[in-house]
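Here is how the chains run, residue by residue.
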Amino acid sequence: MAKEKEGCVKPALGPISGSEADESSVVQTATQKEDKMSVSVGKPAPDFEASAYLNGGFKNIKLSDYKKKWVVVCFYPGDFTFV
Amino acid sequence: MSAVAARYDELKSLGVEVLSMSTDSQFVHKMWQEEELSKMVKGGVPFPMLSDAGGRIGRIYGVYDEEAGVNVRGRFLIDPDGVIQAMEILSPPVGRNVEELIRQIKAFQHVRKTGEATPSGWQPGKTTLKPGPDLVGKVWEVWKP
C-alpha cells in the first residue's frame, strides 16, 4: 500500500460544527458549544476532523469523508495500555 | 484495538470502515503500531488511528473523562446516512466484545435492507419480526427468548 505522503500534518479542526452560522459566531461561544455532548442513537453523528496515522504516514481525516458507508468509531483511553 | 484489527477482514467484507481514536498524537500511534501492535496482529492495525488532541471530539461524543484527561472506551456504529445506530461506552478496565459488534452490524444492515426488526440475540438466518398491527400481542407465537 502507498505510504501517505504528508510529513508534517496541518492542525486538524477537531469537532466540526453543523451550520455556517456557528463558525461566524464569537470564538468563546463556539467553544462552549463544542463542550456539550450531542450524540444519541437515531441522530446524525457529529462530524470531526482529526490527524491520523495510517499506512506508515500521516493524514487528516474527516468523518464526513466516509459518507455512504458503515463506520465504526472506537474511542479508547490510550496507546500502550493493557486491555 | 488489536482485537478489532484481528477481525478487520470480516468487518471489511461487511462494508464497514473502522476509525480508532485516542488523545495520543498520531506520532505516538506510529510508535505503538511499530513497537507493539504489529507484533500482536499480522501486518499491524490496518485502519486509520486518529488523534483527538485535548479530547475535543471525545467531549462531544460523551466519552471524555475530564479527571483522567483521556477518552473512555466508546464505540459508535454509524450508518451510510451518517446516523448513529448503536453506541456502547465502557469504563477503561473492561475490553469490548468484537463478536457482539459484528452481530449488531449484521442486524442493523438486515433491518436497513428489509424494514424488519430483529429480536434479542438475533443472528443471521434466525426469526425476524415484522412490526405492524397484526403482531401486537402475538410476538409469543413467532418468537420466544
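Residues numbered from 1 in each chain as written. Chains lettered and ligands numbered in written order. Predicted model: local features only at pLDDT ≥ 70, side-chain atom pairs only at ≥ 80, totals over all residues. Heavy atoms only, no water.

Undergrad: Help me understand the packing of aromatic side chains, please; the structure alone is not making it clear to me.
TA: The description of an aromatic ring pair uses the distance of the two centres, along with the angle that the planes make with each other. Scanning all chains against the criterion turns up 9 aromatic pairs over all chains. Judged by centre distance (5.9 Å) and plane angle (50 degrees), the ring pair of Tyr8(B) and Phe47(B) falls under tilted. Taken together, the residues span a long stretch of sequence, with Tyr8(B) in helix 2 (residues 8-13) and Phe47(B) in the loop between helix 3 (26-40) and strand 2 (49-51) at a distance of 39 residues. A relative accessible area of 12% means that Tyr8(B) is categorised as buried. Put simply, the rings of Phe48(A), Phe75(A), Tyr61(B) and Phe76(B) touch in pairs and so form one group of aromatic residues. (Phe/Tyr/Trp six-rings, centres within 6.5 Å; stacked < 30°, edge-to-face > 60°. Helix = DSSP H or I, 4+ residues; strand = E, 2+ residues; numbered from the N terminus. Buried < 20%, exposed > 50% of the residue type's maximum accessible area, 1.4 Å probe, protein only.)

Undergrad: It is not clear to me how the pattern of salt bridges should be interpreted in this structure. Could you clarify?
TA: Pairs can form between side chains of opposite charge whenever their charged atoms are close. Applying the stated criterion to the full structure yields 12 salt bridges over all chains. Its salt-bridge partner being Lys69(A), residue Glu17(B) comes within 3.0 Å of it at the nearest N-O pair. Taken as a pair, Glu17(B) in strand 1 (residues 16-22) and Lys69(A) in the loop between strand 3 (57-62) and strand 4 (70-75) lie in two separate chains rather than in one. Classification of Lys69(A) by relative accessible area gives partly exposed; the value is 38%. One salt bridge connects Glu116(B) with Lys130(B), and the closest N-O pair in it is separated by 3.5 Å. Here Lys130(B) lies in the loop between helix 5 (98-114) and helix 6 (139-142) and Glu116(B) lies in the loop between helix 5 and helix 6, a separation of 14 residues in the sequence. Assessed through its relative accessible area of 55%, Lys130(B) is described here as exposed. Here the salt bridges share partners, and the residues they tie into one network are Arg7(B), Glu10(B), Glu99(B) and Lys106(B). (Salt bridge = Lys/Arg side-chain N within 4 Å of Asp/Glu carboxyl O.)

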